[in-house]
Amino acid sequence: MDIPIPIPALATEPRFTQRLREHLEAGQLLDKRYQLQEVAGGHVALPVLEEKLSLLSLPQDIPCGLVHIQDPIPSRTLRRRTPAQRLRDELRRLLGESWSEELERDVPRAWQRHGDLVLLSENSLRAAPWEQLGQVLWETVASALGARRLARRGRVLPGGMRTPSVTLLLGQDPWVEHVDNGIRYTFDVTKCMFSPGNITEKLRVASLPCAGEVLVDLYAGIGYFTLPYLVHAAAAFAHACEWNSHAVEALRRNLVLNGVQDRCRVHHGDSRELELRDVADRVNLGLIPSSEEGWPVACRVLRKATGGVLHIHHNVEALPAGSSPDAEAQHPAEHGGKEKQRGRIRPEWKRWAEATASRIQELLAELHEQSWSTSILHIEVVKSYAPHVHHLVLDLECRPTLPTEPTASSPSTPDPTGP
């Protein structure tokens, strides 16, 4: 629980309140962040700005005295401010006359919140005057945003692990908890990434009909998609593959947190070396900018007799909508050819989906030594990743093709290897 900080105020008799208020407002000394409050002796206390106490002169014609309000009540205006406005106002008060337009541009307007930890963006509060404030700066920011811990993002470290560079600014414990759609995720914010931009895809995954199915998640991370499949989509079992040891630790904790640890096997290592075969009804390939290196593995783990569905993530570049005569195309047919009018897709997206379906069909035929068919069920637009680049997910149904019955006009060919 936060301990209220006493604030200075001038106390006077109720009949002098309005005159004292006008006096303080004229000198820009009234602290409008707090309400006037009744104090001992039936007097009324008017908050004054602490940083301007040195300029305060007591009016000779109004009986008053300096007091401290132990439990100040925020004004209605203060309560209506957005968190970004509150942060700006608190920092402006902290800096006083040193405030400038340059510093105001450096104040963050958005951030990520994970429980009681706020994660600031990489370029927030980098100007030299901020650094000179030391720890009081971070305490002020945390207080304004209602947080107990504070961290700031850096650049993602190079390499395939996608390890963030995050610095704790206030607090000691880097483990946080985040709740999405009723699913609890815990992770070390300095070691693992969490993308709130994928929430629409996590919600979609949670609604898929997966009862009784076995899932293979080739890029599980901390369980971004593994958990929605198990918790909400009712998958019977999941194989979760991840090579980042920090993410694996978080994944194991999250499986326990959500009570599904008995329905998941974690495979720690490079998913390209996964030894599973012929087990999956559904495979999630949630890696961007491309999951293409995992396509052969995905084809290998699909059930050979019945096939299944692949969810293939990819970043696809497209021209701005309307920049060419065929800038839009109808959404592909979904689920057995029934057209869903869920908007339009761009030609580049459709061409990528068709090329991917064709390549997957070839891989399946090569791996299983029989014919397969692939069908585009759906193309989901997750988010805009960069100008004219979108994160897409292709739902691709893959089924083995049954051999045709021999007819008089097309006799069967004897197996050269014998019966």
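See the structure above.
Okay, so let's go over this structure. (Residues numbered from 1 in each chain as written. Predicted model: local features only at pLDDT ≥ 70, side-chain atom pairs only at ≥ 80, totals over all residues. Heavy atoms only, no water.)

1. Points about the overall build of the protein
Note the threshold: Helix numbering and strand numbering both begin at the N terminus, where a helix is a DSSP run of H or I of at least 4 residues and a strand a DSSP run of E of at least 2. Classification of residues uses two cut-offs on accessible area relative to the type maximum, computed with a 1.4 Å probe and protein chains only: under 20% is buried, over 50% is exposed, and between them is partly exposed. The contact criterion used throughout is that any non-hydrogen atoms of two residues lie within 4.5 Å. With residues, only the protein chains shown are counted as cover, and all accessible areas are computed by Shrake-Rupley using a 1.4 Å probe.
A tally of helices and strands in the protein yields eleven helices and 19 strands. Taking all 419 residues of the protein together, the buried fraction comes to 45%. Pairs at least 24 residues apart make up 66% of the contacts formed inside the protein by residues separated by at least 6 positions. With the model as given, the accessible surface of the protein reaches about 22100 Å², and the carbon-plus-sulfur share is 51%.

2. A few points about the packing of helix α3 (residues 83–95) against helix α6 (residues 135–145)
Helices that pack against each other are described as a pair by the angle of their axes relative to one another and the distance between those axes. Just so we agree on the cut-off: Helix axes are fitted to C-alpha atoms over the stretch in contact, other axes to C-alpha atoms as well, and angles between N-to-C directions run from 0 to 180 degrees. By the definition adopted for this analysis, an angle is roughly parallel if under 35 degrees, roughly antiparallel if over 145, roughly perpendicular if from 65 to 115, and oblique otherwise. Two helices crossing with the near one rotated counterclockwise from the far one by less than a right angle form a left-handed crossing, whereas a clockwise rotation gives a right-handed crossing.
In contact at an axis separation of 9 Å, α3 and α6 are set at 150 degrees when each is read in the N-to-C sense. Taken together, the axes of α3 and α6 are roughly antiparallel relative to one another. Viewed along their axes, α3 and α6 form a crossing whose handedness is right-handed. Here α3 contributes Pro 83, Arg 86, Leu 87, Glu 90, Leu 91 and Leu 94 to the contact with α6, which in turn contributes Val 136, Leu 137, Thr 140, Val 141, Ala 144 and Leu 145.

3. Considerations on the sheet that holds strand β4 (residues 64–69)
For clarity, the cut-off: Two strands pair if DSSP finds at least two bridges between them.
In spatial order, the strands read β2-β3-β1-β4; together these four strands make up an open sheet with antiparallel pairing. What marks the edges here is a single partner per strand, and that holds for β2 (37–38) and β4. As defined by bridge partners, β2 adjoins strand β3 (residues 44–47) across two bridges and the pair is classed as antiparallel. Residue Glu 38 lies in a different strand from β3, and its bridge partner there is Val 44.

4. Notes on the pattern of salt bridges
Where we set the bar: The rule for a salt bridge is simple: a side-chain nitrogen of Lys or Arg has to be within 4 Å of a carboxyl oxygen of Asp or Glu.
Per the stated rule, a full pass over the model turns up 21 salt bridges. Here Asp 180 and Lys 202 are joined by a salt bridge, their closest N and O atoms 3.0 Å apart. Of this pair, Asp 180 sits in strand β9 (residues 175–180) while Lys 202 sits in helix α7 (residues 199–206), placing them 22 residues apart in sequence. Residue classification places Asp 180 among the buried positions, given a relative accessible area of 12%. According to the relative accessible area criterion, Lys 202 is buried, its value standing at 4%. Note that Arg 204 is salt-bridged to Glu 201, the shortest N-O span being 2.9 Å. Here Arg 204 pairs with Glu 201, and both are found in helix α7, just three residues apart, close to one helical turn.

5. What to know about unusual backbone geometry
The omega angle of the peptide bond from Ile 288 to Pro 289 is 15 degrees, so this bond is cis rather than trans. Positive phi, normally seen in glycine, also occurs at Asn 181, with a value near 50 degrees. Inspection of the secondary structure assignment puts Asn 181 in the loop between β9 and β10 (183–188).

6. Describing the sheet that holds strand β13 (residues 264–268)
Spatial strand order, β13-β12-β11-β14-β15-β19-β18: seven strands in an open sheet with mixed pairing. Where the open sheet ends on each side, the last strands, each with one partner, are β13 and β18 (372–386). Direction aside, neighbouring strands of the sheet carry axes that sit 15 degrees apart on average. As judged from the four bridges shared by strand β11 (residues 214–217) and strand β12 (residues 237–242), these two strands associate in the parallel manner. Within the sheet, the bridge partner assigned to Leu 215 lies in β12 and is Ala 238. Contacting β12 and β13, helix α9 (residues 245–257) crosses the sheet at an angle of about 170 degrees to β13. This element, helix α11 (residues 347–368), spans β15 (308–317), β18 and β19 (389–400) of the sheet and lies at about 135 degrees to β18.

Everything listed here is a matter of geometry and, on its own, says nothing about what the molecule does.
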